[in-house]
Amino acid sequence: MERIGHIRDSSIPNTYEGETKPKREEIMQATEYDQKSEIRSEQKKVREYLDSFDEVLLKEVFAEYLRKSGSDEMTMNWIPFSQVRVLYSVEPEPGITNVKACEYSSKSGITIDARYNSSREDVLWNVIHEMCHAVSRGPDKTKYRDLTEQKAEYFVSFKNGFSETSVVKILNLDETDKVTSIEASPVVIKNTNINEGITELLTDRIISEYMSRTGTSSKENEETGLLQYLYVPYSKHWMTSRLYIGLISVLTGVERDTVEESIIRTYLRNGEILPEELQSELKNLNPKLSEYMADFINNEDQDDKLFKTKTFSEICNSPLLTDEQKNKLQAIQTEIEVEYWLAKERYDDLKNQS
Ligand SMILES: [Zn+2]
């Protein structure tokens, strides 16, 4: 587990195959944004919160993570807070529950919807979460090839941390090579859930570090730490990611904190969540384990059930694991579950008080 041990030692050159160090100039920059469009009082409130954060300090905390991951902080894809778009969306249609409170895209940068971000903590949590996506955005890999005289294929793929998006477009051309029509395949996105979970873990770390340096009280810190439970889908991703880290830790004998830091490093370098090296280590432990792990990470459909998946019980009960490993795994699962419910309860209490 050479790769896992290295996070704390930034002097070791990071040259692992399959990883890239994203550079700002390789990523499409969002078009200029003018704050004049922020006319509603709700938008102005969000802008006030954004202005109240110490952006220089936050950027420095991010830069430290980049340095630790062997990347050049000078090329970090940082979106200045002045360029964060603050919108006020229209009421979603009835039955539509998938509300986008905030978003990152290379075209628009970071967008915050004032409608769903009414507290300072919400804004801080969300802007940092989206900044993690911006900073972990890899370069576009586009390929163009002629299929026939009149047809060409255009392939685009890019990574955000561990999440990988790809789309194939078939271009129909006329005699002068001008595009007459485009047939696009559905967009394929992989590893979204685990990517969101790791994003939440990194957000939590960055905010805790920021709070400790700004001298925010531990009570406030704790309350803000609970904000991850605001967004139910993310809390599940968060639990799954922690469980995944626990699994690797038990299987490899490397402490959980070190595994987590190593995964964050790989996230910032657009590496693989389940690299070949780890897969072969797992295969040595049990030929079926690497398959189980891949299933655990990739099975997007099981999102709401991931925490209690059949896969996870199968891993826990694998006959090739020692009783000690099985017990540790079960203890970790219980610990995460208890922590989640306690935090959710505290969060609900806080919400009821306010
Ligand atoms: Zn996200």
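Please read all numbers here as calculations on a predicted model, not as lab measurements.

Visitor: How do you make sense of the overall build of the chain when you look at a structure like this?
Guide: Counting its secondary structure elements, the chain contains 12 helices and 8 strands. For the chain, buried positions account for 32% of its 354 residues. In the chain, the share of contacts with a sequence separation of at least 24, taken over all contacts with a separation of at least 6, comes to 68%.

Visitor: Would you explain the pairing of strand β3 (residues 109-113) in this entry?
Guide: Every other side chain in a regular strand lies on the same face of the sheet, so the side chains alternate between the two faces. When you tally the buried positions in β3, you get 5 out of 5 residues, the bulk of the element. In this structure, strand β1 (residues 85-87) lies alongside β3, joined through 3 bridges in parallel fashion. Within the sheet, the bridge partner assigned to valine 86 lies in β3 and is isoleucine 112.

Visitor: Help me understand the nonpolar core, please; the structure alone is not making it clear to me.
Guide: Ranked by size, the top nonpolar core spans 54 residues in total, and within it Ile112 and Met131 carry the most contacts. Beyond its immediate chain neighbours, meaning those up to four positions away, isoleucine 112 contacts Val46, Val84, Arg85, Val86, Cys102, Asn117, Val123, Asn126 and Val127.

Visitor: Got a minute to help me understand the sheet that holds strand β2 (residues 102-105) in this structure?
Guide: To summarise the sheet geometry, strands pair through backbone hydrogen bonds and adopt either a parallel or an antiparallel arrangement. The 3 strands are arranged β1-β3-β2 in an open sheet whose pairing can be described as mixed. With partners counted over all chains shown, the strands left at the sheet margins are β1 and β2, one partner each. Pairwise comparison of adjacent strand axes, ignoring direction, gives a mean angle of 20° for this sheet.

Visitor: What should I look at first to understand the packing of helix α4 (residues 120-135) against helix α5 (residues 192-214) in this one?
Guide: Packed helices, taken two at a time, are described by the angle their axes make and the gap between the axes. Closest axis-to-axis distance for the α4/α5 pair is 9 Å, and the angle between their directions is 120°. With respect to each other, α4 and α5 are oriented oblique. Note on packing geometry: the crossing formed by α4 with α5 is right-handed. Every residue of α5 that contacts α4 at Leu124, Trp125, Ile128, His129, Cys132 and His133 is listed here: Thr199, Leu202, Thr203, Ile206 and Ile207.

Visitor: Hey, could you run me through α4 in this one?
Guide: A turn of α-helix holds 3.6 residues, and therefore any two residues three or four places apart point the same way. Spanning 16 residues, α4 covers 22 Å between terminal C-alpha atoms, matching the ideal 22 Å at 1.5 Å per step. The element α4 is extensively covered by neighbouring structure, given that 14 of its 16 residues are classed as buried.

Visitor: How should the environment of threonine 199 be read in this particular structure?
Guide: Along the chain, threonine 199 falls in helix α5. Spatially, the C-alpha atoms of threonine 199 and methionine 131 are 9.5 Å apart, while their sequence positions differ by 68 residues.

Visitor: I keep staring at unusual backbone geometry and nothing clicks. Help me out?
Guide: The general pattern is negative phi for most residues beyond glycine and trans for most peptide bonds. Positive phi values are uncommon outside glycine, yet asparagine 191 reaches one of about 60°. Here asparagine 191 lies in the loop between β8 (188-190) and α5. For asparagine 191, a count of 20 C-beta atoms within 10 Å puts it in the buried group. Phi is positive for asparagine 270, which is not a glycine, with a value near 50°. Relative to the helices and strands, asparagine 270 resides in the loop between α8 (256-268) and α9 (276-285).

Visitor: Hey, could you run me through the pairing of β2 in this one?
Guide: Burial of β2 is one-sided: the residues Cys102 and Tyr104 facing one way are buried, the residues Glu103 and Ser105 facing the other way are not. One ladder, built from 4 bridges, connects β2 with β3; its direction is antiparallel. For glutamate 103, the partnering residue across the bridge sits in β3 and is threonine 111. Linking β2 to β3, which pair antiparallel, is a turn of 3 residues.

Visitor: Where do I start with helix α2 (residues 41-52) in this structure?
Guide: Given a rise of 1.5 Å per residue, 12 residues ought to cover 16 Å, and the 16 Å separating the end C-alpha atoms of α2 matches this to within 8%. Within α2 the residues assigned to the buried category are Gln43, Val46 and Tyr49. Down the axis of α2, the sector holding all buried residues measures 120°, keeping them to one side. Exposed positions of α2 whose direction lies more than 90 degrees from the buried face are Ser41, Glu48, Asp51 and Ser52. On its buried face, α2 sits against β1, β3 and α4.

Visitor: I keep staring at the packing of α2 against α4 and nothing clicks. Help me out?
Guide: Running from amino to carboxyl end, α2 crosses α4 at an angle of 65°, the nearest separation of the two axes being 9 Å. The angle between the axes of α2 and α4 places the two elements in the roughly perpendicular class. Crossing handedness for the pair α2 and α4: right-handed. In this structure, α2 contributes Val46, Tyr49 and Leu50 to the contact, and α4 contributes Arg120, Val123 and Val127. For the contact of α2 with α4, the per-class residue count stands at 5 nonpolar, no polar and 1 charged.

Calculation notes
Residues numbered from 1 in each chain as written. Predicted model: local features only at pLDDT ≥ 70, side-chain atom pairs only at ≥ 80, totals over all residues. Helix = DSSP H or I, 4+ residues; strand = E, 2+ residues; numbered from the N terminus. Buried ≥ 20, exposed ≤ 12 C-beta atoms within 10 Å, placed from the backbone. Contact = placed C-beta atoms within 7 Å. Pairing = 2+ DSSP bridges. Core = buried A, V, L, I, M, F, W, Y, C linked by C-beta atoms within 7 Å. Axes fitted to C-alpha atoms, helices over the stretch in contact; angles between N-to-C directions. Parallel < 35°, antiparallel > 145°, perpendicular 65-115°, else oblique. Left-handed = near helix turned anticlockwise from the far one by under 90°. Expected span 1.5 Å × (residues − 1). Arc of directions from axis to C-beta. Nonpolar A, V, L, I, M, F, W, Y, C, P; charged D, E, K, R; others polar.

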